[in-house]
Amino acid sequence: MGNNNLVVVYNSNEEYDKAAELFEDNVSSRQKSYHSYTIMANIYLLLGQMRKSEGILRLFLDEITDHAQIRLGLAGILMRQNKLDDALEQADLALAMNPSSPDGISSRGHVFFLKDDMDQALTEYQKLLEIEQPVTNLYARNVLSNFFIAHGKLGLAEEQLREGLELAEMVGEKSWVSGMQSGLSYVYALKGSAADAARAADLAVGNARETGSQDYLRKALFAQSMVLIQVGELEEARRSAQELQRVIASGLNQRAMRHVYLLNGKLLSKAGRHTEALDEFERSRELMPRIVDSLASLLDAQADTLWASGEPEKALRLYHGMQRRPLARLEHSYLYARSLYQRARILQEQGKDKAARTRYQEFLDLWK
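Residues numbered from 1 in each chain as written. Predicted model: local features only at pLDDT ≥ 70, side-chain atom pairs only at ≥ 80, totals over all residues. Heavy atoms only, no water.

Remarks on the packing of aromatic side chains
- Summed over all chains, the structure comprises 9 aromatic pairs.
- Centroid distance Tyr 186 to Tyr 334: 6.4 Å. Interplanar angle 85°. Geometry classified as edge-to-face. Taken together, the residues span a long stretch of sequence, with Tyr 186 in helix H11 (residues 174-191) and Tyr 334 in helix H20 (residues 333-349) at a distance of 148 residues.
- A relative accessible area of 32% means that Tyr 186 is categorised as partly exposed. (Phe/Tyr/Trp six-rings, centres within 6.5 Å; stacked < 30°, edge-to-face > 60°. Helix = DSSP H or I, 4+ residues; strand = E, 2+ residues; numbered from the N terminus. Buried < 20%, exposed > 50% of the residue type's maximum accessible area, 1.4 Å probe, protein only.)

Describing helix H18 (residues 312-323)
- For H18, spanning 12 residues, the distance from its first C-alpha to its last is 17 Å, which sits close to the expected 16 Å at 1.5 Å a residue.
- Inspection of H18 places Ala 315, Leu 316, Tyr 319, Gly 321, Met 322 and Gln 323 among the buried residues, and these make up the whole buried set. (Expected span 1.5 Å × (residues − 1).)

Structural notes on the environment of Glu 24
- Position of Glu 24 among the secondary structure elements: in helix H2 (residues 16-28).
- Judged by relative accessible area, which is 37%, Glu 24 ranks as partly exposed.
- Filtering out sequence-adjacent residues up to four positions away, Glu 24 remains in contact with Met 40 and Tyr 44. (Contact = heavy atoms within 4.5 Å.)

Focus on the environment of Val 143
- Within the secondary structure, Val 143 sits in helix H9 (residues 134-150).
- Its relative accessible area of 12% is what places Val 143 among the buried residues.
- Taking the C-alpha atoms as reference, Val 143 lies 13 Å from Gly 179; in sequence the two are 36 residues apart.

The quantities given are spatial measurements derived from coordinates; they are silent on function.
Below you can see the structure in the form of structure tokens.
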């Protein structure tokens, strides 16, 4: 337990090497608590060691016992490797042990999503709404919102987030309210509703402040800055990014400064200062774990800047890199679709019409 609690501290500071060293003691002594193994597997993922991550979960199954959460962790790793049939098998085995598990249901939905079986994916995701737990309902709303964004159905995505916001406000959990407002601000930005996007982002930050949590405030400020850049409110975005920098500077996890570098790079790129922007992106990348929410945003921003600075081939490689990451389709469905569209535009600009048509068609197949 001492190792476990200290690992929580190291994880919050993103000191993953130290966390791994501590938990190796728990694993080598064959601790029977599955928590040590799932946390260790996640640490290996964050360190970019996917084979070790998978191995630690299989070790538990082989030498300790069967467990639904271990199976689901393994399903997630297999999805990252695009081994979808194997991932579905693990999700089914987990559900056989716990048929009402929200994680098991959503894992099945994710596999069908990645298999392009969208009807079955939607059926699985909607099952989450039948579980009478507020936190599961909110999770379902977020998943369904992302599902609809993946297909360009922004109105349906907004409906899901509004339902989630209503529940969050009824429960009175400010962190949930902040998360739903941030989600709504993003959808408004994608729809081109700048005023609504800015208003929702401001409400998200206000609710995050009321939680008293630096982590929630950091997430809300980053989301606000990204949305403001999206809708062209660059001066407001700059002020939000500066506040984010102050919040991170006052905390223990200085590696989170990568979010500020990413925002600075996007602002510099908008100003046409591409070389400086690319330098900021590199600073962000150096502080970024291999598996992290901001990675797709960074790849997208770098690619846009490289294209604008006259390096379309490098931009193409980065857009294509996003498509080689299966979970980018799940976690960053808009940016995944956009990468197809951007690749098509570059190929068309280069006179490669046949290849451009293929990419445009792939985009249209998603955003019917």
